[in-house]
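# Fold and contact review
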Amino acid sequence: MALTRLVARRGSSRPVRLDFSGIALDLTFTNRFTAELPADPETENRRRQVHNALFSRVAPATTSSPELVAFSQEMADELGIADLHDGEFLAVFSGNAVLADMDPYAMCYGGHQFGNWAGQLGDGRAMALGEVLTPQGGHQTLQLKGAGPTPYSRSADGMAVLRSSIREFLCSEAMHHLGVPTTRALSLVTTGDKVVRDMFYDGNAAPEPGAVVCRVAPSFVRFGSFELPASRGETETLKALADFTIRHDFSELDGANNPTSDTYAAWFSEVARRTAVMIIDWMRVGFVHGVMNTDNMSILGLTIDYGPYGWVDNFDPGWTPNTTDSQHRRYRFGNQAQMAYWNLAQLGNAIVPLVDDVEPLQAALDRFIEEYSTGHRTMMLNKLGLDPDRDLDDADELIQGLFSVLQSIETDFTIFFRRLADINAGSQAMSDDELVHAIADAHYEPSAATPEIKLEIATWIRRWLDELADDSRPDDERRAAMNATNPKYVIRNYLAQLAIDNSEAGDHTMVRDLLQVLRRPYDEQPEHEEWAQKRPDWARSRPGCSMLSCSS
Ligand code: AMP
Ligand code: MG
């Protein structure tokens, strides 16, 4: 069904200029979430606890002068949206207009935050517009983030600032192009309204430009979506959501249309498997989520809720970008698999009322550990250009040796693997100095390499060359394989911050240019060599470039 009609937004306080001229939004809405699941009967937009329901119907707030900053062409194509410059697009994706067949809602969920049960959280500043049937027959939910308060906004305003919206928009798309499971972003618009934030939590609140990102995913259901009804003993609601999720998003499971205890266990096992795959990818590209609370864990195993995330510049398993977590570093780079396991255990606990026996849930958790460690080894061997299928007894030792080398001196995680790939298999004859020099571009302070450090690095490279010697692939082929798994371009924290600085000054060129470069993260793009460089010294301790607050 073609939809070009716009309806006046409920609760709109300003007239909205609508453009009916185009056929831009030719979308078919299915809205299965709101059609099939229990709704909050109350429709007034006031903060409250919501029981026995999975969502509340809401309407986006009006914005004064929306402007399109950037959009993802691939996402628009997948959704079948033809013209993003049309006024209609801007009205809808800023929240100023709601299409007739949309059914906007905020989800009700809870979560464990930093290890503690936090009770009801919910979509406090996100609202789904509805679910779209794509031209390829897939289902995608469109969700606005920063489009105003909902019943779940608690003491906050439901808005988002431009800096955090740029970070979410760019990183979602960058992750997609890196091949990491993620929610997507369709558009980024500024609202023309100011949003007040105390960025450093130091009493200096200031107005910042407001923005709205349209996020896209087949489902925005989180681990915390199951935890909340379970914590309240609302087993019917819990079962309704589990059955809905299995029926639509895990339809390949036996009994998906009429789940039994075995179906729930198999589903949990699949969620655990997907979560392991996602974390392995994070470790591959050097991504630190920063806030792995259970409300930020997608039931589909997608990276979700880009807040104070960061990319490791120099390899450091102890690093976290999130200032709120700086004391305990619960969500540090090297702890992400453990935290995923902990979160899965909370999900497992939540679904206990649905199974006859907890043993299969425990077995799935055990399998997560196995799958993660096997998958992580395979991923690391791929990064090193070694065949993960061959018998490599001491692969773990090689990998541990690598981690030690990467920490012996500040080493850029991204650049290291690109330089390593350039070394030819028959390089044993090179001197230690020459071997170290071959990767020294990755060192933040090459002069800090003492003779002991150089010896450790060269010894490890020789060990790696020994392994390569067993590989029958020609160098070019092996190099291409390595470069297809080791990105050249990632959204380094300082790059995102530079784009933010420019955008806040009114120039969105860098956001758009970065998006273009990050669409091909594994390719050499000589014209953008400067964005593949290691973090400059000025960015080492600048807020936004090394540490981020949750304020967004
Ligand atoms: P996060 O850590 O960003 O995933 O957010 C945790 C919870 O706080 C979620 O329920 C969010 O919806 C809510 N939240 C965060 N920021 C805001 C805001 N500006 N207004 C309303 N709710 C918010
Ligand atoms: Mg969240």
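Just so you know, the residues in each chain are numbered from 1, in the order the chain's sequence is written. All chains are assigned letters beginning at A, and all ligands numbers beginning at 1, according to the order in which they are written. Totals for whole chains, interfaces and linings use every residue, but because this is a predicted model, local features are given only for residues with pLDDT of at least 70 and side-chain atom pairs only at 80 or more, for both listing and counting. The side-chain numbers reported here are obtained from all heavy atoms of the structure, hydrogens and water having been left aside.

## Some words on the overall build of the chain
Strands are runs of DSSP state E lasting at least two residues, helices are runs of H or I lasting at least four, and both sets are numbered from the N terminus onward. Check the secondary structure of the chain and you find 16 helices and 14 strands. Between the two quantities, the radius of gyration covers C-alpha atoms and the globule rule is 2.2 Å times the number of residues to the power 0.38. Here the C-alpha radius of gyration of the chain, 24 Å, is about what a compact globule of 552 residues would show, namely 24 Å. C-alpha atoms of the chain, sized along the principal axes, occupy 75 × 60 × 45 Å. Across the chain, every contact between residues at least 6 apart in sequence was considered, and the portion connecting residues at least 24 apart equals 73%. All accessible areas in this document rest on Shrake-Rupley with a 1.4 Å probe, and a residue is counted as covered only by the protein chains that are shown. Roughly 21,100 Å² of accessible area belongs to the chain as shown, and the carbon and sulfur atoms make up 49% of that amount. A distance of 5 Å separates the average location of the 50 positive side-chain charges in the chain from that of its 79 negative side-chain charges. Note on contacts: a residue pair qualifies if any of its non-hydrogen atoms lie within 4.5 Å across the two residues. When charges are counted, Lys and Arg are positive and Asp and Glu negative, with His and the chain ends excluded. Note that the charge is assigned to NZ on lysines, CZ on arginines, CG on aspartates and CD on glutamates.

## Section: the domain arrangement of the chain
Domain boundaries in the chain define domain 1 (15-221), domain 2 (224-383), domain 3 (395-485) and domain 4 (493-539). Distance from the C-alpha centre of domain 1 to the C-alpha centre of domain 4: 25 Å. In this assembly, 18 residues from domain 1 lie in contact with 14 residues from domain 4. When the two sides are added together, the surface that domain 1 and domain 4 hide from each other amounts to roughly 1,400 Å², 70% of it contributed by carbon and sulfur. Where each domain starts and ends follows an automatic or database-derived domain assignment. Values labelled buried area give the accessible surface lost by two parts on being combined, using a 1.4 Å probe and summing over both.

## Observations concerning the coordination of the magnesium ion (ligand 2)
Keep in mind that water is not among the atoms, so a site may look incomplete; donors are the N, O and S atoms within 2.8 Å of the metal, or 3.2 Å for Na, K and Ca. Distances from the magnesium ion (ligand 2) to its protein donors, Asn296 (OD1) and Asp305 (OD), fall at 2.0 to 2.2 Å. Residue Asn296 is classed as buried on the basis of its relative accessible area of 11%. Each residue is placed in one exposure class: buried if its accessible area under a 1.4 Å probe, protein chains only, is under 20% of its type's maximum, exposed if it is over 50%, and partly exposed if it falls in between.

## Quick word on the layout of surface pockets
Using protein atoms alone on a 1 Å grid, points that fit a 1.4 Å probe yet trap it form a cavity, whereas open point sets bounded by protein on both sides within 12 Å along at least five of seven lines form a pocket; residues with an atom within 4 Å of a point count as lining. Grid points are joined across faces, edges and corners, and a volume is the space filled by probe spheres set on the points. Counted as a void, the largest pocket has a volume near 1,000 Å³. Taken together, 40 residues line the largest pocket, and the ones lying closest to its centre are Gln113, Arg125, Arg154, Cys550 and Ser552. Where the lining of the largest pocket is concerned, the elements lending two or more residues are helix H4 (162-178) and strand E12 (206-217). When residues are sorted by character, Ala, Val, Leu, Ile, Met, Phe, Trp, Tyr, Cys and Pro go into the nonpolar class, Asp, Glu, Lys and Arg into the charged class, and all the rest, Gly among them, into the polar class. Taken together, the residues of the lining of the largest pocket break down into 14 nonpolar, 14 polar and twelve charged. Viewed by domain, the lining of the largest pocket spans two of them, domain 1 (15-221) and domain 2 (224-383), each represented by three or more residues. There is about 440 Å³ of room inside the second largest pocket. Surrounding the second largest pocket, 18 residues form its lining, Gly334, Ala337, Gln338, Tyr372 and His376 being those nearest its centre. Elements that contribute at least two residues to the lining of the second largest pocket include exactly helix H8 (336-350), helix H9 (359-383) and helix H10 (395-408). Here the lining of the second largest pocket gets six residues from one element, more than from any other, and that element is H9. Class assignment for the residues of the lining of the second largest pocket results in eleven nonpolar, five polar and two charged. Counting contributing residues, the lining of the second largest pocket receives three or more from each of domain 2 (224-383) and domain 3 (395-485).

## Remarks on the site of ligand 1
The local shell around ligand 1 holds 16 residues, among which Gly122, Gly124, Arg154, Gly158 and Asn296 are the closest. Definition of a polar contact: a pair of N or O atoms within 3.5 Å, with one able to donate and the other able to accept a hydrogen when the atoms are protein atoms, and with sequence-neighbouring residues admitted only if both atoms are side-chain atoms. In the environment of ligand 1, an oxygen atom lies 2.7 Å from a nitrogen or oxygen atom belonging to the side chain of Arg154. In the environment of ligand 1, a nitrogen atom lies 3.2 Å from a nitrogen or oxygen atom belonging to the side chain of Arg197. Cavities and pockets are treated as containing a molecule whenever more than half of the molecule's atoms lie within 2 Å of their grid points. More than half of the atoms of ligand 1 fall within 2 Å of the grid points belonging to the largest pocket. Looking at the shell around ligand 1, its residues break down into three nonpolar, six polar and seven charged. Residues are counted as near a molecule or strand when any one of their heavy atoms sits within 4 Å of it.

## Considerations on the confidence of the model for the chain
How sure the predictor is of each residue is captured by pLDDT, a score from 0 to 100. With 95% of its residues at a pLDDT of 70 or more, the chain shows a mean pLDDT of 93. In the model, residues 1-24 has pLDDT below 50 throughout and makes 56 contacts with residues more than four positions away in sequence or in other chains.

## Topic: empty space enclosed by the protein
Overall, the coordinates contain three cavities of 30 Å³ or more when judged by the stated rule. Contributing to the lining of the largest cavity are 16 residues, with Phe33, Tyr105, Thr141, Pro218 and Ser219 lying nearest its centre. Counting residues per element, the lining of the largest cavity draws most heavily on helix H6 (residues 235-249), at three residues. Taken together, the residues that form the lining of the largest cavity break down as eight nonpolar, four polar and four charged. Two domains each provide a minimum of three residues to the lining of the largest cavity, namely domain 1 (15-221) and domain 2 (224-383).

## What to know about the packing of H4 against helix H15 (residues 493-504)
Interaxial angle, 0 to 180 degrees, is taken between N-to-C directions of lines fitted to C-alpha atoms, where a helix line uses only the stretch in contact. H15 packs onto H4 with a crossing angle of 135° between their chain directions and a minimal axis gap of 10 Å. The angle between H4 and H15 falls in the class oblique. For the pair H4 and H15, the sense of crossing is right-handed. Across the interface between the two elements, Leu162, Arg163, Ile166 and Arg167 of H4 pack against Ala496, Ala499, Ile500, Ser503 and Glu504 of H15. Looking at the contact of H4 with H15, its residues break down into five nonpolar, one polar and three charged. For classification purposes, angles smaller than 35 degrees are called roughly parallel, those larger than 145 roughly antiparallel, those between 65 and 115 roughly perpendicular, and all remaining angles oblique. What makes a crossing left-handed is the near helix being turned counterclockwise from the far one by less than a right angle; a clockwise turn instead makes it right-handed.

## Observations regarding the pattern of salt bridges
A pairing counts as a salt bridge when a side-chain nitrogen of Lys or Arg comes within 4 Å of a carboxyl oxygen of Asp or Glu. Scanning the entire structure with this criterion turns up 41 salt bridges. For Asp412, the salt bridge is made with Arg492, and the minimal N-O distance between the two is 2.8 Å. On the criterion of sequence distance, the pair formed by Asp412 in the loop between H10 and helix H11 (413-422) and Arg492 in the loop between helix H14 (475-483) and H15 is long-range, its members being 80 residues apart. In this structure Arg492 comes out as buried when scored by relative accessible area, which is 1%. The partner of Asp475 in a salt bridge is Arg478, and the shortest N-O contact between them spans 2.7 Å. In this pair, Asp475 and Arg478 are both assigned in helix H14, three residues apart and thus about one turn of the helix distant.

## Considering the side chain of His443
Relative to the helices and strands, His443 resides in the loop between helix H12 (432-439) and helix H13 (451-469). We classify His443 as buried; its relative accessible area is 2%. The contact partners of His443, leaving out residues within four places of it in the chain, are Ile409, Glu410, Thr411, Val436, Ile457 and Lys534.

## Details of unusual backbone geometry
The residue Asn31 is not glycine, and still its phi comes out positive at about 50°. In this fold, Asn31 is placed in the loop between strand E2 (28-29) and helix H1 (32-36). For Phe114, which is not glycine, the phi torsion reads 50° and is therefore positive. Its location among the elements puts Phe114 in the loop between strand E7 (110-113) and strand E8 (116-120). Exposure remark for Phe114: the relative accessible area of 26% places this residue in the partly exposed category.

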